[in-house]
Amino acid sequence: MVGNNNRPTLINQNFADSHNDISMAPETNESHLLILEDDQGRKEFSLENSVYSIGRDRDCNIRLVSQFVSRRHATLVRLPRGQNTYSYYYRIVDGDAKGKPSANGLMINGRKIPAHDLKNEDEIVFGPQVRAIYYLLRNTQRSGQTDSSEYDITLINPGMTEDMED
């Protein structure tokens, strides 16, 4: 039986090259952070590995707690930024690493798309009441010391602003 070659490749060759090297986190002045909200509340994930599985399954690297998300809802892949081996970005792809899509797809910044190269403050919606915001934090200090306020990230529920206006 011949496979369907009409489906676009969303994870490029770099995925296969970096998939097995999980500890390859390069020294950089960038930090990648994923803030997740699901049925259990808010969680923070500092992204350092080359591949993350995201979904309801207990074996996923980033577990979503909601009946509205797939067992293997999405995959995050770290890719090099151009020729700079010390700078990279993350691509989120709908479904598992083998190409099987999730049941409901991904909404990224309000658009349903199968894959997206994440940029600072991108919002990813996996399902009702389940979303994440991606942050690319750049450390501008050269001394190696960090100011903890630089990483203070607060998510505000739009419904909360009504109380603040009174």
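Now for a quick tour of the structure.

What counts, and where the lines are drawn
Residues numbered from 1 in each chain as written. Predicted model: local features only at pLDDT ≥ 70, side-chain atom pairs only at ≥ 80, totals over all residues. Heavy atoms only, no water. Pairing = 2+ DSSP bridges. Helix = DSSP H or I, 4+ residues; strand = E, 2+ residues; numbered from the N terminus. Salt bridge = Lys/Arg side-chain N within 4 Å of Asp/Glu carboxyl O. Buried < 20%, exposed > 50% of the residue type's maximum accessible area, 1.4 Å probe, protein only. Phe/Tyr/Trp six-rings, centres within 6.5 Å; stacked < 30°, edge-to-face > 60°. Lys NZ or Arg CZ within 6 Å of the ring centre and 35° of its normal.

1. Quick word on the sheet that holds strand S8 (residues 111–112)
Now for step 1: Ordered by their spatial adjacency, six strands build an open sheet running S2-S1-S11-S10-S7-S8, and the pairing between neighbours is antiparallel. Each edge of the open sheet is held by one strand with a lone partner, namely strand S2 (41–47) and S8.
Now for step 2: Note: strand S7 (residues 107–108) against strand S10 (residues 123–127), two bridges, orientation antiparallel. Its bridge partner lying in S10, isoleucine 108 is registered against isoleucine 124.

2. Focus: the pattern of salt bridges
Now for step 1: The final tally for this structure, using the stated rule, is six salt bridges.
Now for step 2: A salt bridge links arginine 131 to glutamate 123, with the nearest nitrogen and oxygen atoms 2.4 Å apart.
Now for step 3: Judged by relative accessible area, glutamate 123 falls into the partly exposed class, the value being 26%.
Now for step 4: Salt bridges sharing common partners tie together Glu37, Glu123 and Arg131.

3. Let's talk about the packing of aromatic side chains
Now for step 1: Under the counting rule described, the total for this entry stands at two aromatic pairs.
Now for step 2: Ring centres of tyrosine 52 and tyrosine 90 lie 6.3 Å apart, and the angle between their planes is 55°; this geometry places the pair in the tilted category. Here tyrosine 90 lies in strand S6 (residues 84–94) and tyrosine 52 lies in strand S3 (residues 51–55), a separation of 38 residues in the sequence.
Now for step 3: Arranged with centres 5.8 Å apart and planes meeting at 75°, the rings of tyrosine 88 and tyrosine 90 form a pair that is edge-to-face. Both residues of the pair, tyrosine 88 and tyrosine 90, count as buried.
Now for step 4: Aromatic rings pair up to connect Tyr52, Tyr88 and Tyr90 into one cluster.
Now for step 5: Directly above the ring of tyrosine 88 sits arginine 78, whose terminal nitrogen or CZ lies 4.9 Å from the centroid.

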